[in-house]
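The lines below spell out each chain.
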Amino acid sequence: MTALSDAAIRVRSALEQRGLETPMKGNSLTLDEKQARITALMTEMMDVLGLDLADDSLADTPQRIAKMYVREIFSGLDYSYFPKITLIDNKMKVDEMVQVRDITLTSTCEHHFVTIDGTATVAYIPRTKVIGLSKINRIVQFFARRPQVQERLTQQVLVALQTLLESEDVAVSISATHYCVKARGVMDATSSTTTTSLGGIFKSRAATRHEFLSGVVR
């Protein structure tokens, strides 16, 4: 098993302490063992649905789904995939908001296992540390690669960045389309959901909150 980075350990611990970790129970299965188990289960499910796995279009579908689940769309369940984080001392004395907009995310609704498709806006006020900008995108995408509810996803990104930056002054907003709403049930093709999580000065100071939210709603 791959050893976890210090950043991954700290972030996971912070989420657990706040009750924001994705509901998980550990097991000792390797990635290959997980793929093998899911392949067998998907084969059984497709057989129950009456699909002909002898057809060349369907024959490899269970293996494809298993690989996709374990190593791609649910890879965020495994902290060994947590991105390598670059932090530098704030020697430039930057003290104004840093905001990254339109971060693409694709997640999966944990209630129906269908797609959540959206964008995130993340901001922070540099204090002692500055984070590499691409690392913000990678953190969003890491937590998106899980079965999720959008409210938890938003807070997970917030707490992860607060933990790494050692500062409460972080804000996160996510706007997304849920295919459990769009493609089934009510089948509303045009609605979207926005969730926002604010920390530190973004919550306590109206002007800073307004500056952040003005960048979200354009």
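Residues numbered from 1 in each chain as written. Predicted model: local features only at pLDDT ≥ 70, side-chain atom pairs only at ≥ 80, totals over all residues. Heavy atoms only, no water.

Per an unreviewed UniProt entry, the chain is named GTP cyclohydrolase 1, and its organism is Oceanisphaera avium. Quoted straight from UniProt, the Pathway (unreviewed entry) entry for the chain says "Cofactor biosynthesis; 7,8-dihydroneopterin triphosphate biosynthesis; 7,8-dihydroneopterin triphosphate from GTP: step 1/1." Turning to the chain, the UniProt annotation filed under Subunit (unreviewed entry) states: "Homopolymer." (UniProt positions renumbered as here; feature names shortened; annotations may be inferred.)

**Student:** Please explain the sheet that holds strand S7 (residues 193-198) as it appears in this structure.
**Tutor:** Whenever strands of a sheet pair, they do so through backbone hydrogen bonds, lying parallel or antiparallel. Taking strand neighbours across the sheet as the criterion, the five strands line up as S5-S2-S3-S6-S7 in an open arrangement whose pairing is mixed. Each of the sheet's edge strands pairs with one partner strand only, and the pair in question is strand S5 (147-148) and S7. Relative to the sheet, helix H4 (residues 133-144) contacts strand S2 (98-109), strand S3 (115-124) and S5, its axis offset from that of S2 by approximately 20°. Contacts from helix H5 (residues 150-165) reach S2, S3, S5, strand S6 (170-178) and S7 within the one sheet, and its direction differs from that of S6 by about 155°. (Pairing = 2+ DSSP bridges. Helix = DSSP H or I, 4+ residues; strand = E, 2+ residues; numbered from the N terminus. Contact = heavy atoms within 4.5 Å. Axes fitted to C-alpha atoms, helices over the stretch in contact; angles between N-to-C directions.)

**Student:** Hey, could you run me through the UniProt feature "binding site: Zn(2+)" (unreviewed entry) in the chain in this one?
**Tutor:** Within this numbering scheme, the UniProt entry marks Cys109, His112 and Cys180 as carrying the feature "binding site: Zn(2+)" (unreviewed entry). These annotated residues cover 72 residues of sequence, and their C-alpha atoms all fall within 7.3 Å of one another, placing them together at a single site. Structurally, Cys109 is set in strand S2. Its relative accessible area of 4% is what places Cys109 among the buried residues. Assignment of secondary structure puts His112 in the loop between S2 and S3. Residue His112 is classed as partly exposed on the basis of its relative accessible area of 39%. (Buried < 20%, exposed > 50% of the residue type's maximum accessible area, 1.4 Å probe, protein only.)

**Student:** What am I meant to see in the UniProt feature "domain: GTP cyclohydrolase I" (unreviewed entry) in the chain here?
**Tutor:** UniProt's feature table lists "domain: GTP cyclohydrolase I" (unreviewed entry) at residues 40-215, given in the numbering used throughout. Within the segment residues 40-215, helix and strand shares are 39% and 26% respectively, and the terminal C-alpha atoms sit 47 Å apart.

**Student:** Sorry, what's going on with a nonpolar patch on the surface here?
**Tutor:** Among the surface-exposed residues, Met45, Leu49 and Leu51 lie close enough to one another that they form a single nonpolar patch of about 290 Å² accessible area. Summarising the element assignment, Met45 is placed in helix H2 (residues 31-48). Classification of Met45 as partly exposed rests on a relative accessible area of 41%. (Patch = residues over 30% accessible without salt bridge, like charges linked within 9 Å, V, L, I, M, F, W, Y side chains within 5 Å. Areas by Shrake-Rupley, 256 points an atom, 1.4 Å probe, with all protein chains shown as cover. Salt bridge = Lys/Arg side-chain N within 4 Å of Asp/Glu carboxyl O.)

**Student:** When you look at the pairing of S6 in this model, what are you seeing that I'm missing?
**Tutor:** When a strand is regular, its side chains alternate between the sheet's two faces. With respect to burial, S6 is a largely interior element, eight of its nine residues being buried. Bridge analysis of S6 against S7 gives six bridges, and the strand direction is antiparallel. Residue Val172 lies in a different strand from S7, and its bridge partner there is Ser197.

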